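Each chain, written out:
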Amino acid sequence: MSVIKKLVTLLRGSARELGQSVVDSNATRIYEQEIIDAKNSIAEAKTELTGVMAKQMQTARDIERIKTDLLRHEDLALQALNKAEEGLALEVAERVAGLEAEMAAQTQAHASYALQVSRLKDLIRAAETRVREHEREIGIAKTTESVYRATQSISESIGATGSQLTSARDSLERIKKRHEDLADRMTAAEQLDQEFGHRALERKLADAGIGDSDKVRAAQVMERLKARHAAAAAGPTAATLPTTP
């Protein structure tokens, strides 16, 4: 069988090792086509297997039929002997001998078909396992190839635009320096305003307790609260006494 030969050839082929370096695009396509061809061969082998299995079933049915005929003819031969019909019994015996020969041939054919079925199943299982291994391998190879292509593209892109990246980085550094200079100027202006400007005067007045600063307002509130507290402590009579000038 040509298909069996293909399967045997497929099984004898050595599997490519995992982790190969990048496979070029043509080799990858060829490898994928080989996997497709192997799958087609397996499909053909399965079709042939069904044919052999059908013949195995047919021979099994023929064997059962012959067994039934043998039993019936042997019974007929015995009936002929019981009636002293030896000539007729001999004819039946010849028929029994023919059925036994046919039985032996069908039994041998059935055993042969059973052997072929078992062998084909083993080959198909082994071939499918090998195909799955190849599919995993080609998947890894394609993924590795994609990674290498992406890495190469990035490297080439960085190499081609290296000067532009350097220029952009220098521009960013200059912008950062301008921002830092502006922040320093704003801080210095704040310090000068606190020392010499309007804020400096307000701070001096607040330190002296003059003006409408938070400290001054707090002191005034405190004085008012103390007065109310003293009035409450003196009692109502104190509140009605005339105040001496």
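Residues numbered from 1 in each chain as written. Predicted model: local features only at pLDDT ≥ 70, side-chain atom pairs only at ≥ 80, totals over all residues. Heavy atoms only, no water.

1. Details of the overall build of the protein
So, step 1. Scanning the protein from N- to C-terminus turns up seven helices and zero strands.
So, step 2. Beginning at the N terminus, the succession of helices and strands in the protein can be written as α-α-α-α-α-α-α.
So, step 3. Considering only intrachain contacts with a sequence separation of at least 6, the fraction spanning at least 24 residues in the protein is 84%.
So, step 4. Working note: accessible area of the protein is about 18200 Å², and carbon and sulfur atoms make up 57% of it. (Helix = DSSP H or I, 4+ residues; strand = E, 2+ residues; numbered from the N terminus. Contact = heavy atoms within 4.5 Å. Areas by Shrake-Rupley, 256 points an atom, 1.4 Å probe, with all protein chains shown as cover.)

2. Observations regarding the nonpolar core
So, step 1. Within the largest apolar cluster, 13 residues are counted, with the highest numbers of intra-cluster contacts made by Ile-42, Leu-49, Ile-124 and Val-131.
So, step 2. Mapped onto this core, the elements with two or more residues apiece are helix 2 (25-82) and helix 3 (86-160). (Core = buried A, V, L, I, M, F, W, Y, C linked by side-chain atoms within 4.5 Å. Buried < 20%, exposed > 50% of the residue type's maximum accessible area, 1.4 Å probe, protein only.)

3. Notes on a nonpolar patch on the surface
So, step 1. Taken together, the side chains of Val-221, Met-222 and Leu-225 define a hydrophobic patch exposed on the protein surface, amounting to about 250 Å² of accessible area.
So, step 2. With respect to the helices, strands and loops of the structure, Met-222 is situated in helix 6 (residues 214-234). (Patch = residues over 30% accessible without salt bridge, like charges linked within 9 Å, V, L, I, M, F, W, Y side chains within 5 Å. Salt bridge = Lys/Arg side-chain N within 4 Å of Asp/Glu carboxyl O.)

4. What to know about the side chain of His-73
So, step 1. Mapped onto the elements of the fold, His-73 is located in helix 2.
So, step 2. Aside from chain neighbours lying at most four places away, what touches His-73 is Val-92, Arg-95, Val-96 and Leu-99.

5. Brief notes about the environment of Val-96
So, step 1. You can see Val-96 is positioned in helix 3.
So, step 2. Measuring from C-alpha to C-alpha, the distance between Val-96 and Glu-74 comes to 6.7 Å, with 22 residues separating the pair along the chain.
So, step 3. Beyond its immediate sequence surroundings of up to four residues, Val-96 is in contact with Leu-70, His-73 and Glu-74.

6. Section: the pattern of salt bridges
So, step 1. Taken as a whole and assessed by the stated rule, the structure comprises eight salt bridges.
So, step 2. A salt bridge links Arg-65 to Asp-62; the nearest nitrogen and oxygen atoms lie 4.0 Å apart. Of this pair, Arg-65 and Asp-62 both sit in helix 2, three residues apart, which is roughly one turn of the helix.
So, step 3. Under the relative-accessibility criterion, Arg-65 is labelled partly exposed at 37%.
So, step 4. Owing to a relative accessible area of 24%, Asp-62 belongs among the partly exposed residues under this scheme.
So, step 5. Here Arg-125 makes a salt bridge to Asp-122, at a shortest N to O gap of 2.7 Å. Taken together, the positions of Arg-125 and Asp-122, both in helix 3 and three residues apart, correspond to about one turn of that helix.
So, step 6. Judged by its relative accessible area of 48%, Arg-125 falls in the partly exposed class.
So, step 7. On the basis of relative accessible area, Asp-122 is assigned to the partly exposed category, the value being 41%.
So, step 8. The network of salt bridges with common partners includes Asp-62, Arg-65, Asp-69 and Glu-102.

7. Description of the confidence of the model for the protein
So, step 1. Of all residues in the protein, 65% attain a pLDDT of 70 or more, and the chain-wide mean is 75.
So, step 2. By mean pLDDT, helix 7 (residues 236-240) is the weakest element of the protein at 50, and helix 2 is the strongest at 87.
So, step 3. Confidence over residues 14-23 falls short of pLDDT 50; this stretch has 18 contacts with residues more than four positions distant or in other chains.
So, step 4. In this model residues 238-245 is a low-confidence stretch, pLDDT under 50, and it forms zero contacts with partners more than four residues away in sequence or in other chains. (pLDDT = per-residue confidence, 0-100.)

8. Considerations on unusual backbone geometry
So, step 1. Within the chain, Ala-84 stands out as a residue other than glycine whose phi angle is a positive 65°.
So, step 2. With respect to the helices and strands, Ala-84 occurs in the loop between helix 2 and helix 3.

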